[in-house]
Amino acid sequence: MTEGLGLVGIVLVSHSAALAEGAAELVQQISGGATVVPAGGTDDGGLGTSTARIEAAIDDAETGSGVLIIPDLGSAVLSARAVLADLAGETTARLVDAPFVEGAVAAAVAAGSGADLDAVAAAAEEARDATKF
Amino acid sequence: MPPSSDGAVERVVVLPKPLHARPAGQLARLAGRHKETTIQLVAGAKKANARGVLAVMAMGAVTGTEVTLTVTGPDAEAVADEVADILTAAEAVDG
């Protein structure tokens, strides 16, 4: 993960491991070097979210500049919040309300260009207003 | 907008390949590296600031599209060259 050293890391939390991994792969390709870590599925790989996977992903994504967490739906938010509550004070990770794919793309491109956590979070949130065509 | 001592640099390029996600990402990263410089793209009725990767993708610029790029701010010439390189090198990528 040395390529993303010093950049804001991104964690993609999805109910589906395949969705999280696919989105991370796509976003990493577009952003060219941002650290994007998938946290999808339950502990046994089923559909759902896992606090253990989210916590491990935050750890992987942290390179010293903070971590932005983008959840897909409902309980992904609850699981991410539970992890953040557990880590209270021990992490700079932040949960953002943004579209999963567009938000991840915008955030990772911002992170890849060296933006700080506030700017990366803002980029993800702005994606809500971006039209697709 | 901060006042700029450099004039605007304008280039017109014809896309050899669609302006897909990957070149859009490259443009946004370039824009991110030149924070004082503004890169504006126009293709027909669509326009986008290169900083906005989603806006650039939403232009839906396909092969053969004529894109006018306007760069203002520090190093406008050099940045315009890089933008043109990214847009015309799009042939080499399938993203």
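Rules and cut-offs
- Residues numbered from 1 in each chain as written.
- Chains lettered and ligands numbered in written order.
- Predicted model: local features only at pLDDT ≥ 70, side-chain atom pairs only at ≥ 80, totals over all residues.
- Helix = DSSP H or I, 4+ residues; strand = E, 2+ residues; numbered from the N terminus.
- Buried ≥ 20, exposed ≤ 12 C-beta atoms within 10 Å, placed from the backbone.
- Contact = placed C-beta atoms within 7 Å.
- Rg over C-alpha atoms; globule rule 2.2 N^0.38 Å.
- pLDDT = per-residue confidence, 0-100.
- Pairing = 2+ DSSP bridges.
- Right-handed = clockwise from strand over helix to strand, strands pointing away.
- Axes fitted to C-alpha atoms, helices over the stretch in contact; angles between N-to-C directions.
- Parallel < 35°, antiparallel > 145°, perpendicular 65-115°, else oblique.
- Nonpolar A, V, L, I, M, F, W, Y, C, P; charged D, E, K, R; others polar.
- UniProt positions renumbered as here; feature names shortened; annotations may be inferred.
- Core = buried A, V, L, I, M, F, W, Y, C linked by C-beta atoms within 7 Å.

(A) Expanded view of the overall build of chain B. Counting its secondary structure elements, chain B contains three helices and four strands. Walking chain B from its N terminus toward its C terminus, one meets helices and strands in the order β-α-β-β-α-β-α. When burial is assessed residue by residue, chain B has 40% of its 95 residues classed as buried. Sequence-distant contacts in chain B: of pairs separated by 6 or more residues, those separated by 24 or more amount to 72%.

(B) The arrangement of the overall build of chain A in detail. Helices and strands together make up the secondary structure of chain A, namely five helices and four strands. In summary, chain A has a C-alpha radius of gyration of 13 Å against a globular reference of 14 Å for 133 residues, a match within 12%. Dimensions of chain A, computed from the C-alpha atoms along their principal axes, are close to 35 × 35 × 25 Å. Across the 133 residues of chain A, 50% fall into the buried class.

(C) Examining the confidence of the model for chain B more closely. Within chain B, residue pLDDT values average 88, and 87% of them lie at 70 or more. Here the prediction assigns the complex a pTM of 0.86, and the interface score ipTM is 0.78.

(D) Focus on the pairing of strand S2 (residues 36-40) of chain A. All names here are of chain A. Burial runs high along S2: five of the five residues are buried. In S2, alternate side chains face the same way, and those of Val36, Pro38 and Gly40 on one face and Val37 and Ala39 on the other are all buried. Examined bridge by bridge, strand S1 (residues 9-14) and S2 share five bridges and lie parallel to one another. Considered in S2, the bridge of Ile10 is made with Val36. Handedness of the crossover joining S1 and S2 through helix H1 (residues 17-31): right-handed.

(E) Geometry of the packing of helix H1 (residues 21-33) of chain B against helix H3 (residues 76-88) of chain B. All names here are of chain B. Running from N to C, H1 and H3 point in directions that differ by 170 degrees, and their axes come no closer than 9 Å. Relative to H3, H1 is oriented roughly antiparallel. Here H1 contributes Pro23, Gln26, Leu27 and Leu30 to the contact with H3, which in turn contributes Glu82, Val83, Ile86 and Leu87. Split into classes, the residues belonging to the contact of H1 with H3 amount to six nonpolar, one polar and one charged.

(F) Region of interest: the UniProt feature "domain: PTS EIIA type-4" (unreviewed entry) in chain A. Annotation from UniProt places "domain: PTS EIIA type-4" (unreviewed entry) at residues 7-131 of chain A. Across residues 7-131 of chain A one finds 50% helix and 14% strand; the C-alpha atoms that close the span lie 27 Å apart.

(G) Structural view of the pairing of strand S2 (residues 38-43) of chain B. Residue and element names in this part refer to chain B. Pairing analysis gives five bridges linking S2 to strand S4 (residues 66-72), with the strands arranged antiparallel. Looking across to S4, one finds that Val42 is bridged to Thr68. Summarising the sheet, S2 and strand S3 (residues 46-49) pair through four bridges and their orientation is antiparallel. Each residue of the ladder has a partner; that of Leu41, found in S3, is Ala48.

(H) Just the interface of chain B and chain A, in detail. Listed as interface residues are 14 residues of chain B and, on the opposing side, 18 residues of chain A. Elements that contribute at least two residues to the side of chain B that touches chain A include exactly H1 and helix H2 (53-58) of chain B. With eight residues, the top contributor of residues to the side of chain B that touches chain A is H1(B). Here the side of chain B that touches chain A is built from residues that sort into six nonpolar, five polar and three charged.

(I) Geometry of the nonpolar core. If you look at the biggest cluster of nonpolar residues, it comprises 71 residues, and the most contacted ones within it are A:Ile10, A:Val11, A:Ile70, A:Ala107 and B:Val56. With nine residues, helix H4 (residues 100-112) of chain A is the single largest residue contributor to this core. Discounting residues that sit within four places of it in the chain, A:Ile70 has contacts with A:Ile10, A:Leu12, A:Val13, A:Val96, A:Ala98, A:Phe100, A:Gly103, A:Ala104, A:Ala107 and A:Ala124.

(J) Representation of unusual backbone geometry. One non-glycine residue with positive phi stands out, namely B:Asp75, at about 55 degrees. With 15 C-beta atoms counted inside 10 Å, the residue B:Asp75 sits in the partly exposed group.

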